Amino acid sequence: MKTAIICPHQPGPIMLFERHAPVHSWPQWVNVLPDCIIGFGSEITSETPVRLSDRELFVVIGGAQALHVMQQLRTLFPGVPVVALQDGNTAWGSPYMGALSWHDQYPKLVEFYQTADAIFSATGNAMEFYGLLNPRVSYIGLPYPEEYLDYALPDDEREDDLLLLGCRHPMGADLVIGVQIAKRLGMRVMLPGDPAGQTKALCDTFGVESERVEPGLDQVSWLKRVAKCKAALYLDGMGSVGRFVRDCAALRIPCLYNSRADAPLPLRQINPDYHVVSVEYLLGDVLENEWGSLADRQFEVLQHSFTAPSRARFEEACSCLS
């Protein structure tokens, strides 16, 4: 099916592309689907319909201008289905809502999801939520770039005392617990996503040695930077699409995570209420006894996000439109 996926988060004319650099996000679909173009913008100009005229499916990512873009598409291309893509999780306080007030935001979002021909979900744990708005919800997942597998290091090049510590909110309880567990196990921590240095300051407070990943790195540079870690801990306080956990699987870094992270990887999923003793025990057990086996099992499941199975899920989701 000839597909156009449009991200309406930025104002201005829609710019269309036929390829994208490998990326662990929705633009990877243009590299996965056999006949797909992607667009960035919220206005269809006089030139745009020419390039969209042969499309058999439009997919629009939810956000401030999503309803507006869907209405434009239906006016110009009547009869072509328009699907809503849920690329995040169930939290609606999104930066992609722009300057809209809550009174404006909710009606537009609800109408967008309710009137779309279907919803394609990038996360499995959001399916039931979006089913409240539209009964035609299908899971398509998030395609993983197989090129990223090349950045995994041999076991003997990893640093045995280095823990990759991920979290959604730098100063939340999840981070405090992660830092304390690292201290109790005698580990240093690698800190991604800490542009203001808040996380490092907390590590310093608790006397834990840390390395910060440089802010603003592209995904490949990030993978290369963290590949030397021995294990990873992701205590997600809000609910994420699971990119951190999948990247760890690609790098063969065994990752403990809680059930709020949408990462369908096997075993070592921990209680989201962060029982410190149990998390410390599980992480210690992974490091001592099952480091390689857990990494292998998590990598095995990651393969369900590679090109062929991702394409099959997308095609199966499209079948509900007929």
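Definitions and cut-offs
Residues numbered from 1 in each chain as written. Predicted model: local features only at pLDDT ≥ 70, side-chain atom pairs only at ≥ 80, totals over all residues. Heavy atoms only, no water. Helix = DSSP H or I, 4+ residues; strand = E, 2+ residues; numbered from the N terminus. Buried < 20%, exposed > 50% of the residue type's maximum accessible area, 1.4 Å probe, protein only. Contact = heavy atoms within 4.5 Å. Areas by Shrake-Rupley, 256 points an atom, 1.4 Å probe, with all protein chains shown as cover. Pairing = 2+ DSSP bridges. Axes fitted to C-alpha atoms, helices over the stretch in contact; angles between N-to-C directions. Expected span 1.5 Å × (residues − 1). Salt bridge = Lys/Arg side-chain N within 4 Å of Asp/Glu carboxyl O.

## Here's the deal with the overall build of the protein
For step 1, the next point in the chain: When helices and strands are counted, the protein shows eleven helices and 13 strands.
For step 2, the next point in the chain: Across the 322 residues in the protein, those meeting the buried criterion constitute 53%.
For step 3, the next point in the chain: Of all intrachain contacts in the protein linking residues separated by at least 6 positions in sequence, the fraction that spans at least 24 positions is 66%.
For step 4, the next point in the chain: As presented, the protein carries roughly 14,000 Å² of accessible surface, and 53% of it is formed by carbon and sulfur atoms.

## A few points about the environment of Phe17
For step 1, the next point in the chain: Inspection of the secondary structure assignment puts Phe17 in strand β2 (residues 15–17).
For step 2, the next point in the chain: Separated by 20 residues in sequence, Phe17 and Ile37 place their C-alpha atoms 5.6 Å apart.
For step 3, the next point in the chain: The residues contacting Phe17, other than those within four sequence positions of it, are Val30, Ile37, Ile38 and Phe40.

## Let's talk about helix α9 (residues 243–250)
For step 1, the next point in the chain: Most of α9 is tucked away: seven of the eight residues are buried.
For step 2, the next point in the chain: Buried residues of α9: Phe244, Val245, Arg246, Asp247, Cys248, Ala249 and Ala250, and no others.
For step 3, the next point in the chain: Arg252 occupies a position one or two residues after α9 and carries a positive phi of about 60°.

## A short note on the side chain of Arg55
For step 1, the next point in the chain: By the element assignment, Arg55 lies in the loop between α2 (48–52) and β4 (57–61).
For step 2, the next point in the chain: On the basis of relative accessibility, which here comes to 6%, the residue Arg55 falls in the buried class.
For step 3, the next point in the chain: Excluding its chain neighbours within four sequence positions, the residues that come into contact with Arg55 are Lys2, Thr3, Ala4, Asp35, Cys36, Ile37 and Val80.

## Topic: the sheet that holds strand β1 (residues 3–7)
For step 1, the next point in the chain: Spatially, seven strands are ordered β2-β3-β1-β4-β5-β6-β7 in an open sheet, and the strand pairing comes out mixed. The strands lining the two open edges of the sheet, one partner per strand, are β2 and β7 (137–139). In this sheet, adjacent strand axes meet at a mean angle of 25° when their direction is disregarded.
For step 2, the next point in the chain: As paired elements, β2 and strand β3 (residues 36–40) share three bridges and run antiparallel to each other. Paired with Met15 across the bridge in β3 is Phe40.

## Digging into helix α11 (residues 307–318)
For step 1, the next point in the chain: With twelve residues, α11 extends 17 Å from end C-alpha to end C-alpha; this agrees with the ideal 16 Å at 1.5 Å per step.
For step 2, the next point in the chain: Structurally, α11 contributes buried residues whose contacts are with β1, α1 (29–32), β4, β6 (118–121) and β7.

## Side note on the pattern of salt bridges
For step 1, the next point in the chain: For the structure shown, the criterion picks out 16 salt bridges.
For step 2, the next point in the chain: For the salt bridge of Arg55 with Asp35, the shortest nitrogen-to-oxygen distance reads 3.2 Å. Of this pair, Arg55 sits in the loop between α2 and β4 while Asp35 sits in the loop between α1 and β3, and the two are 20 residues apart along the sequence.
For step 3, the next point in the chain: On the accessibility criterion, Asp35 (30% relative accessible area) is partly exposed.
For step 4, the next point in the chain: In this structure, Asp117 engages Arg74 in a salt bridge whose closest nitrogen and oxygen atoms are separated by 3.0 Å. Within this pair, whereas Asp117 is found in the loop between α4 (102–115) and β6, its partner Arg74 is found in helix α3 (residues 66–76), the two being separated by 43 residues in sequence.
For step 5, the next point in the chain: By relative accessible area, which is 27% here, Asp117 ends up partly exposed.
For step 6, the next point in the chain: It is possible to trace a salt-bridge network through shared partners that takes in Glu159, Asp161, Arg188, Glu211, Glu214, Arg225 and Lys228.

## Brief notes about the environment of Asp204
For step 1, the next point in the chain: Of note, Asp204 is situated in helix α7 (residues 198–206).
For step 2, the next point in the chain: A residue is classified by how much of its surface remains accessible, and Asp204, at 46% relative accessible area, is partly exposed.
For step 3, the next point in the chain: Linking Asp204 and Val179, residues 25 residues apart in sequence, is a C-alpha distance of 10.0 Å.

Such coordinate-based values are descriptive only and should not be taken to indicate function.
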